[in-house]
Structures are given as structure tokens and as C-alpha cells.
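A structural walkthrough
Okay, here's what each chain looks like letter by letter:
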Amino acid sequence: MGKVIAIVNQKGGVGKTTTCVNTAAALKEAGKRVLMVDFDPQGNATSGFGVDKQTSPNIYDVIIGRADIRNAVYGTPYADIVPSNKQLSGAEPELLAERDRELRLRGALAPIKGNYDYIMVDSPPTLTLLTVQCLCAADSVLIPVQCEYYALEGLSDLMFTLRAVRKSLNPPLDIEGILLTMYDARVNLTFQVTEEVKRHFPGQVYACVIPRSVRLSEAPSHGRPIQHYDRYSKAAESYNALAAEILRKNSK
């Protein structure tokens, strides 16, 4: 049965979608069966895999019950994907009256969970019903944290949300790991943030870090993960190292 890992941070601009796209591709290159589910109405993970955002059926059609998820899975050279677009933002008001609204994504993934080793879910950068659905569907959360002053404040808010979800909706939800992104060793603040995060979350911070990288910023405009855009870049090496850490952790 595949493991569902949601990439979550209520703070925007931390490298959440970048991490989802490139970790999914790195796990696929490591020989795993991987599905990426774009659950962000911005659809950036979809275009990051070179898939047209207007592709239909998509995750919106699945969530509102208009399509079977098996018909919304598309193959790419990087991993399979269930695409998204701005239609998904309309799912929230449509589901407000539904009793199982928080569990729609979990139910949708159930028929295909056994087809994959890992299902990576990209979530919205705000706390909405869509984000709660991601947390209810996930076995664990991978949390990207930008090396900046407000990093711990954002983490504190997210931990409050995780506790609330565990209490009432998804008790087994675990932290897969905390990933430091936009790492710049030349800046003293980077070291301060790193030490603070490690102190507050001992044993949960990945050894690898994701550096600031022009090539990493360029890759989405070409519809490719970094491993297929510049496989010898430091960013590609970093996401491959992250995939290796995830595999080691889950082989125990």
C-alpha cells in the first residue's frame, strides 16, 4: 500500500511546490512507483511536470464526484500526475454542506493507493478546507521551511493545525520530516534559523538542505523537474539526497 506524503506549509513562498515536483521526480528516478497529486488551485505542480492546466478530468472533477480518479491520472516521464487548475478553488463552497467534506481526498485516493509506492500531494499555501483534506488523506507531512526570520512562527501555526487534525480527523498523521529550503551558507541568519529549527524539532530535520538556485527557479518554466533540466546542478543533487533520506527512513 502506497504512502501518502502531503507537502504542507501554511506560509507561502517556502518552496512547497518545488519540493513536491522535484521529490516526486527523484523518487521515480530511484525506481519507485510515484504519483503526484496537485491539490493547489494555482496548478503550479501541474505545469512543473509540463502538463496543461486545462487537462480534464482533473482533481476538481474527482473531488466533486464528477470523475473517477483512475481516469484523472496522466503519465509523464517524471511520475504520474493528477492535475489541477483554478477550478479547484470552487470545490470548497460546493462541499460545505457535505458531511464527509474533509475526507473527500482520502476517499478518492483509496482505489489507487495500492498502485504506488509514494503519493506526493501538493497543498495550497493557506489553511483552507483543501489543506485540511490533504492532512486527512496523508500518512505523513513533509514541511519545507525557508531559512528566514519568520520560519519558526509559521511552523508554530502549522503544528497547531496538525494537532487539531490528529485529535479529530486523522490520529495517525505523522511528520515525515522538516526540510530547510532556500539555504544560503553565506548568510548568518541561515545558520541561526537552522539551529533554532533543529532545537525545537530534534531528529525531525532532514540532513540535506535545498540551496538557493537560479536553475531551480528556471526549471518550471520549461515544464521539467530539476533532475531533467540540469541533473548535475546542486539543486538536483539536493533533491536526490532528500529522496534517499525518505527511502532510508521508510525502509526501517
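Since the structure is predicted, the reported quantities are computational estimates derived from the model, not experimental observations.

Scoring rules and cut-offs
- Residues numbered from 1 in each chain as written.
- Predicted model: local features only at pLDDT ≥ 70, side-chain atom pairs only at ≥ 80, totals over all residues.
- Heavy atoms only, no water.
- Axes fitted to C-alpha atoms, helices over the stretch in contact; angles between N-to-C directions.
- Helix = DSSP H or I, 4+ residues; strand = E, 2+ residues; numbered from the N terminus.
- Parallel < 35°, antiparallel > 145°, perpendicular 65-115°, else oblique.
- Left-handed = near helix turned anticlockwise from the far one by under 90°.
- Contact = heavy atoms within 4.5 Å.
- Nonpolar A, V, L, I, M, F, W, Y, C, P; charged D, E, K, R; others polar.
- Pairing = 2+ DSSP bridges.
- Buried < 20%, exposed > 50% of the residue type's maximum accessible area, 1.4 Å probe, protein only.

The next thing to look at is the packing of helix 1 (residues 16–29) against helix 11 (residues 234–250). At their nearest, the axes of helix 1 and helix 11 sit 9 Å apart, and the two run at 70° to each other. The angle between the axes of helix 1 and helix 11 places the two elements in the roughly perpendicular class. Here helix 1 runs over helix 11; the crossing is right-handed. Across the interface between the two elements, T18, T19, N22, T23, A26 and L27 from helix 1 touch Y239, N240, L242, A243, I246 and L247 from helix 11. The residue makeup of the contact of helix 1 with helix 11, split by class, is 7 nonpolar, 5 polar and no charged.

This part is about the sheet that holds strand 1 (residues 3–7). Pairing is parallel across the open sheet formed by 7 strands, whose spatial order is 3-2-4-1-5-6-7. Each edge of the open sheet carries a strand with a single partner, namely strand 3 (80–82) and strand 7 (205–211). Put simply, the sheet's adjacent strands are angled 25° from each other on average, direction ignored. The pairing of strand 1 with strand 4 (residues 118–122) spans 5 bridges and is parallel. Each residue of the ladder has a partner; that of I7, found in strand 4, is D122. Strands strand 1, strand 2 (34–38), strand 4, strand 5 (140–146) and strand 6 (174–183) of the sheet are contacted by helix 1, whose axis makes an angle of about 165° with strand 4.

A separate point is the environment of V34. Here V34 lies in strand 2. A relative accessible area of 3% places V34 in the buried class. It is 8.8 Å that separates the C-alpha atoms of V34 and N115, two residues lying 81 residues apart in sequence. Setting aside its immediate chain neighbours within four residues, V34 contacts A24, L27, K28, A79, D80, Y116, Y118 and M120.

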